[in-house]
Amino acid sequence: MILDGKCPSGPLAQKWDNHRQDMKLVNPANKRKYRIIVVGTGLAGASAAASLGELGYNVDAFCYQDSSRRAHSIAAQGGINAAKNYPNDGDSIFRLFYDTIKGGDFRSREANVYRLAQVSNSIIDQCVAQGVPFARDYAGYLDNRSFGGAQVARTFYARGQTGQQLLLGAYSALSRQVKAGTVKVHTRTEMLDLVVVDGEAKGITVRDLVTGQVGCYAADAVCLCTGGYVNVYYLSTNAQGCNVTANYRAYKKGAFFANPCYTQIHPTCIPVSGEHQSKLTLMSESLRNDGRVWVPLKKGDKRPPHEIPENDRDYYLERKYPSFGNLAPRDISSRAAKEACDDGRGVGPGGFGVYLDFSDAIKRLGDDKIRERYGNLFEMYERITDENAYKQPMRIYPALHYAMGGLWVDYNLQSNLPGLFVLGEANFSDHGANRLGASALMQGLADGYFVIPYTIANYLAMTRPGAVTTNHPEFDKSRQDIENQIKKLLSINGRKTAKEFHRELGKVMWEHVGMERSEQSLKRAIEIIPGIREEFWKNVRVTGSGAELNQELERAGRIADFLEFGELLARDALNRNESCGGHFRVEFQMPDGEAKRDDENFSYVAAWEFKGVDQTPEIHKEPLVFENVHLGIRSYK
Amino acid sequence: MNLNLYVWRQKGPNAAGKLQQMQAKNISPDMSFLEMIDEVNEDLVREGKEPIAFDHDCREGICGTCSQVINGIPHGPQERTTVCQLHMRKFRDGDSIYIEPWRAKAFPLIKDLIVDRSALDRIIQAGGYTSCHTGGVPDANAILIPKPDADVAMDAAECIGCGACVAACPNGSAMLFTSAKVTQLASLPQGRAEAARRVCVMTEAMLNEGFGNCSNHYECQAACPKGIKVSFIAKLNREFIKAHMS
Ligand SMILES: Cc1cc2nc3c(=O)[nH]c(=O)nc-3n(C[C@H](O)[C@H](O)[C@H](O)COP(=O)(O)OP(=O)(O)OC[C@H]3O[C@@H](n4cnc5c(N)ncnc54)[C@H](O)[C@@H]3O)c2cc1C
Ligand code: FES
């Protein structure tokens, strides 16, 4: 099937305006008759639920944490982009659009990305009105910095805690709606299934994580804002609870999963310290504004960093990419780091690390300025490694960080299943094959504050409110399926913990479907993963019962989905016989080792349809058409 | 390292709880405190026993989910550090460690180390926001904010809502938490319009939820992993008096 992204016609800059004119509205008096489910309360979910509630819809919002304020958006450090051009350094909506398309290695939809750039400015206004304490200069104006891959300073930030502050802003708007009675937040509640009635999304099945009760909610539309899936690699910068379950269950109910192989590896994370490692901690890449990346020039040089003279150091990013230097995009920086370490020039225990050195910046600006900019990051680094980065260079290494892929959505953020909308990191839409720094926060809030309030109305206006209730047999069936799965997990009583399976899967993913992929490695992964899955269902041990708070059961359910999803990710990577953005296939590279795209054959979105657990999924393609940009080679030299 | 743990175990809100002794063996000093508990839990699961239930998510000190009293101190011995960021190198081989949940009237226990902190959400719901609509707000640079005010707002906004302040307070007060939000918004022009009402409804909600009042023990500040200062409580009191005088 050829998929239609439903991009409005007309000139790029007018598409969104025209479309807003064309879309149907829901009469103010009718809005309260509609019920909308929003799963997830991160930037995307909280902003959507608050905005929809304010418009007058009845909203049920869900999150697995104990408070909606704890979604993983909270952990974003660096900042959020907008095309305000406050510094007068040449930024514009078109430039932000172009940078995002180019950064995504020409694998995203022009119309979506342009809209994102257009609404970016309103996001900053909205956050400031909420009281988000962005950094300011002494005159009281907002301060900007430049961020990974951008040559203009368009990033707004709140110390090293931008995500936290933006999320608390959205959470405050959400709290206001809770008080107003338009939104009900169901915390500690996990979505385990999507309920589809006559081809349209009409509800969800959830488990109350405190009582263990499995129950259903019906609605006129469902928004999934459930974040990214890179925990399929076991170790990542995501929170422990981040999962693919909501998305994957929707996929199993017919929603297409797009470009799962586009995963981002972040170049600046704290290296692994041992087998016990449960997560990897990101050091914001804003650090690369002032830190210089290097490794020893000679293999196996074990001298401490301060004893290695300038001549014996290789500032490899500055050397290879003179115009971007230490600010080269994430995929490029990550691969360069791996290359240096594979070459035997890595530093720290195990040799899986490179230096990020602040000594020049400290000389130039002084300790205090560096402390003001990055104090909390330096503290975090010291807590974890016991090393003082003011005195010695940080050690960093790439880690899994972000999922560009996600459920397929059209321009209206609606999946192929009518009534199912997908927002934020959970969808695939705006970042192509690689996301630029500070653009995920922008996208989550754009989707929630400024896109979904319009596009969902267009769908709802064509439906009768409350047409489906939980009395529909599909709900009963879904609940029974989920209860059966829970019973099954609890009854296996095997010898391995769910976590052991997760770690095993993660190793396969990192080795065979990680930073560098090849036909051979991917085929190997597709061979191994079903075996792990099979063993899981025979040999996993889940203690306790289903009728209580049971964290082992929660974990096992999520890992069961990862064990299927990992294979889908590998299949997508195998299908894509090109290198682009975060997807690097060793067979497809330039003589100098850069990614080699194949625009002729792969300028499309790969959207996968579920066909059964051990069946090959079916691919559907959405061709990508570029009318406003020239498909250049993404050079950062 | 080998450690001797005493962990609070309680099946549910109405069950009796007790400190259970267990061993943590072969612990690396580079592990985080939660990774140490992970190891203990893995062993428990393999033996078919119920693992220790505890709240956690980001494991990087920002989501405010983790919540354990370690040797009598919320978040443990290291200053300005959440449990998830606390590392085992802060302990010595052979140490005994007591691990308990947050204890406060307003935080009913759910299981083992997990408590219900939704009362904090309800304080925010009472009025911890500016009532701006989505869209229809002025340009961000139309509101100039002197840097010192913006800095105070940011200092206050760093609160992660973990509730350590409540757990540390002999009165189980949520004054530090409430004052941080009051200060953040009262320091900014866009928050001033509702400042008087906000401080009243938030403090009222705080008392209704069963949190105690502040009698200047300052344990909250000592326990706060984000360095939120008690001077914000003074600010809350000033705002409160101002609200009642006008
Ligand atoms: C460490 C780190 C730093 C980052 N820094 C930046 C940055 O500086 N700039 C930038 O632009 N981006 C950054 N990003 C990326 C960005 O933070 C995320 O992409 C973005 O915040 C995702 O928001 P979201 O709303 O889509 O999802 P999330 O914030 O992850 O929210 C997901 C929500 O879904 C809920 N949920 C998930 N599954 C279920 C389920 N099955 N049932 C019920 N609820 C469920 C969760 O409870 C949560 O509420 C960073 C990411 C990380 C990990
Ligand atoms: S787990 Fe997030 S702050 Fe500790």
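None of the values given here were measured: they were computed from a predicted structure.

## Overview of the overall build of chain B
Thought 1: In terms of regular secondary structure, chain B is built from 9 helices and 7 strands.
Thought 2: Considering only C-alpha atoms, chain B reaches an extent of 60 × 35 × 35 Å along its principal axes.
Thought 3: The 246 residues of chain B split such that 62% are buried.
Thought 4: As displayed, chain B offers around 9400 Å² of accessible surface, 51% of which is attributable to carbon and sulfur atoms.
Thought 5: Treating the 26 positive side-chain charges of chain B as one cloud and the 28 negative ones as another, the clouds have centres 4 Å apart.

## Quick notes on the domain arrangement of chain A
Residue and element names in this part refer to chain A.
Thought 1: Domains assigned within chain A are domain 1 (265-400) and domain 2 (473-623).
Thought 2: Centre-to-centre separation of domain 1 and domain 2, based on C-alpha positions: 31 Å.
Thought 3: Listed by partner, the interface residues are 11 residues for domain 1 and 12 residues for domain 2.
Thought 4: In total, about 940 Å² of surface goes out of reach between domain 1 and domain 2, with carbon and sulfur atoms giving 59% of it.
Thought 5: Between the two partners, domain 1 and domain 2, sit 2 salt bridges.
Thought 6: With a shortest N-O distance of 4.0 Å, E516 and K338 are connected by a salt bridge.
Thought 7: For the pair domain 1 and domain 2, the number of links is 2 residue pairs in polar contact (both at pLDDT 80 or more).
Thought 8: Of all elements in the fold, only α9 (330-345) and β15 (394-403) reach the threshold of two or more residues within the side of domain 1 that touches domain 2.
Thought 9: Looking at the side of domain 1 that touches domain 2, the element that brings in the most residues is α9, giving 5 residues.
Thought 10: Here the side of domain 1 that touches domain 2 is composed, by residue class, of 6 nonpolar, 1 polar and 4 charged.

## Overview of the pattern of salt bridges
Thought 1: Tallied over the full model, the rule gives 84 salt bridges over all chains.
Thought 2: Between K11 of chain B and E50 of chain B there is a salt bridge, with the nearest N and O atoms lying 2.8 Å from each other. With K11 of chain B in the loop between β1 (3-9) and β2 (18-24) and E50 of chain B in the loop between α1 (33-46) and β3 (69-70), this residue pair connects regions lying 39 residues apart in the sequence.
Thought 3: Residue K11 of chain B is classed as exposed on the basis of its relative accessible area of 53%.
Thought 4: Residue class for E50 of chain B comes out partly exposed when judged on its relative accessible area of 24%.
Thought 5: Within this structure, D105, R107, R576, E578, R597 and D599 of chain A form a network of salt bridges that share partners.

## Digging into the sheet that holds strand β13 (residues 313-314) of chain A
Thought 1: If you trace the 5 strands from one edge of the open sheet to the other, you get β11-β15-β14-β12-β13 (chain A), paired in antiparallel fashion. The sheet is open, and its two borders are formed by β11 (263-269) and β13 of chain A, each paired with just one other strand.

## Brief notes about unusual backbone geometry
It is generally the case that most residues other than glycine have a negative phi and that most peptide bonds are trans.
Thought 1: Not every positive phi belongs to a glycine, and R188 of chain A is a case in point at roughly 45°.
Thought 2: Tracing the backbone shows R188 of chain A in the loop between β5 (183-186) and β6 (189-197).
Thought 3: Since its relative accessible area comes to 9%, R188 of chain A is described here as buried.
Thought 4: We note that Y218 of chain B has phi near 65°; this positive angle belongs to a residue other than glycine.
Thought 5: Exposure remark for Y218 of chain B: the relative accessible area of 45% places this residue in the partly exposed category.

## A look at the site of ligand 1
Residues and elements named next belong to chain A.
Thought 1: Taken together, 38 residues are adjacent to ligand 1, and Q65, S73, M191, E425 and L441 come closest.
Thought 2: At 2.8 Å from an oxygen atom of ligand 1 is found a main-chain nitrogen or oxygen belonging to T41.
Thought 3: One of the backbone nitrogen or oxygen atoms of A44 is found 3.0 Å away from an oxygen atom of ligand 1.
Thought 4: Elements supplying a minimum of two residues to the shell around ligand 1: α3 (43-55), β6, β15 and α12 (440-460).
Thought 5: Ranked by the residues each element gives to the shell around ligand 1, the list is headed by β6, at 3 residues.
Thought 6: Partitioning the shell around ligand 1 into residue classes produces 17 nonpolar, 18 polar and 3 charged.

## Considering the interface of chain A and chain B
Thought 1: The interface is formed by 75 residues belonging to chain A together with 76 residues belonging to chain B.
Thought 2: Counting across the chain A and chain B interface gives 12 salt bridges.
Thought 3: Residue D38 of chain B pairs with K499 of chain A through a salt bridge whose shortest N-O separation is 3.2 Å.
Thought 4: Taken together, the links from chain A to chain B amount to 52 residue pairs in polar contact (both at pLDDT 80 or more).
Thought 5: Elements that contribute at least two residues to the side of chain A that touches chain B include exactly α3, α5 (110-130), α6 (162-180), α11 (367-385), α12, α14 (498-512) and α16 (551-575) of chain A.
Thought 6: If one sorts the elements of the side of chain A that touches chain B by residue count, α6 of chain A sits on top with 9 residues.
Thought 7: Its residues placed into classes, the side of chain A that touches chain B shows 24 nonpolar, 27 polar and 24 charged.

## Remarks on α16 of chain A
Side chains that are three or four residues apart share a direction in an α-helix, a result of its 3.6 residues per turn.
Residues and elements named next belong to chain A.
Thought 1: With 25 residues, α16 extends 36 Å between its outermost C-alpha atoms, agreeing within 8% with the 36 Å of an ideal straight helix rising 1.5 Å per residue.
Thought 2: Burial runs high along α16: 20 of the 25 residues are buried.
Thought 3: Of the residues flanking the start of α16, the one acting as N-cap is N550, its side-chain oxygen 3.1 Å from the backbone nitrogen of E552.

## Points about the confidence of the model for chain B
Thought 1: Summing up the model confidence of chain B, the mean pLDDT is 97 and the portion of residues at 70 or higher is 100%.
Thought 2: The complex prediction reports pTM at 0.97, with the ipTM value standing at 0.98.

Criteria and cut-off values
The numbers attached to residues start from 1 for each chain and follow its sequence in the written order. Each chain gets a letter, beginning with A, and each ligand a number, beginning with 1, in the order they are written. With the structure being a predicted model, the display of local features is reserved for residues of pLDDT at least 70 and the display and counting of side-chain atom pairs for 80 or more, all residues being used for whole-chain, interface and lining totals. The side-chain quantities take in all heavy atoms of the structure and omit both hydrogens and water. A helix here means a DSSP run of H or I that spans at least four residues, while a strand means a run of E at least two residues long, and both kinds are numbered starting from the N terminus. Think of it in three bands: with a 1.4 Å probe and only protein chains considered, a residue is buried below 20% of the maximum accessible area for its type, exposed above 50%, and partly exposed in between. Method for areas: the Shrake-Rupley scheme with a 1.4 Å probe, in which residue coverage is limited to the protein chains shown. Counting rule for charge: Lys and Arg are taken as positive, Asp and Glu as negative, and neither His nor the chain ends is counted. Just so you know, the charge point we use is NZ for Lys, CZ for Arg, CG for Asp and CD for Glu. Each domain's limits were defined by an automated method or a database of domain assignments. Only heavy atoms enter the contact rule, under which two residues are in contact if any of them lie within 4.5 Å. Buried surface area refers to the total accessible area, computed with a probe of radius 1.4 Å, that the two partners give up upon joining, counted for both partners together. When a carboxyl oxygen of Asp or Glu is within 4 Å of a side-chain nitrogen of Lys or Arg, the pair counts as a salt bridge. Counting of polar contacts relies on pairs of N or O atoms within 3.5 Å, with two restrictions inside protein: one atom must be capable of donating a hydrogen and the other of accepting it, and residues adjacent in sequence are counted only when both atoms are side-chain atoms. Residues are grouped as follows: Ala, Val, Leu, Ile, Met, Phe, Trp, Tyr, Cys and Pro are nonpolar; Asp, Glu, Lys and Arg are charged; every other residue, Gly included, is polar. Should DSSP find at least two bridges between two strands, the strands are regarded as paired. If a single non-hydrogen atom of a residue is within 4 Å of a molecule or strand, that residue counts as near it. Expected span of a helix, by definition, is 1.5 Å for each gap between consecutive residues, and there is one gap fewer than residues. The pLDDT value tells you how sure the predictor is about a given residue, anywhere from 0 up to 100.

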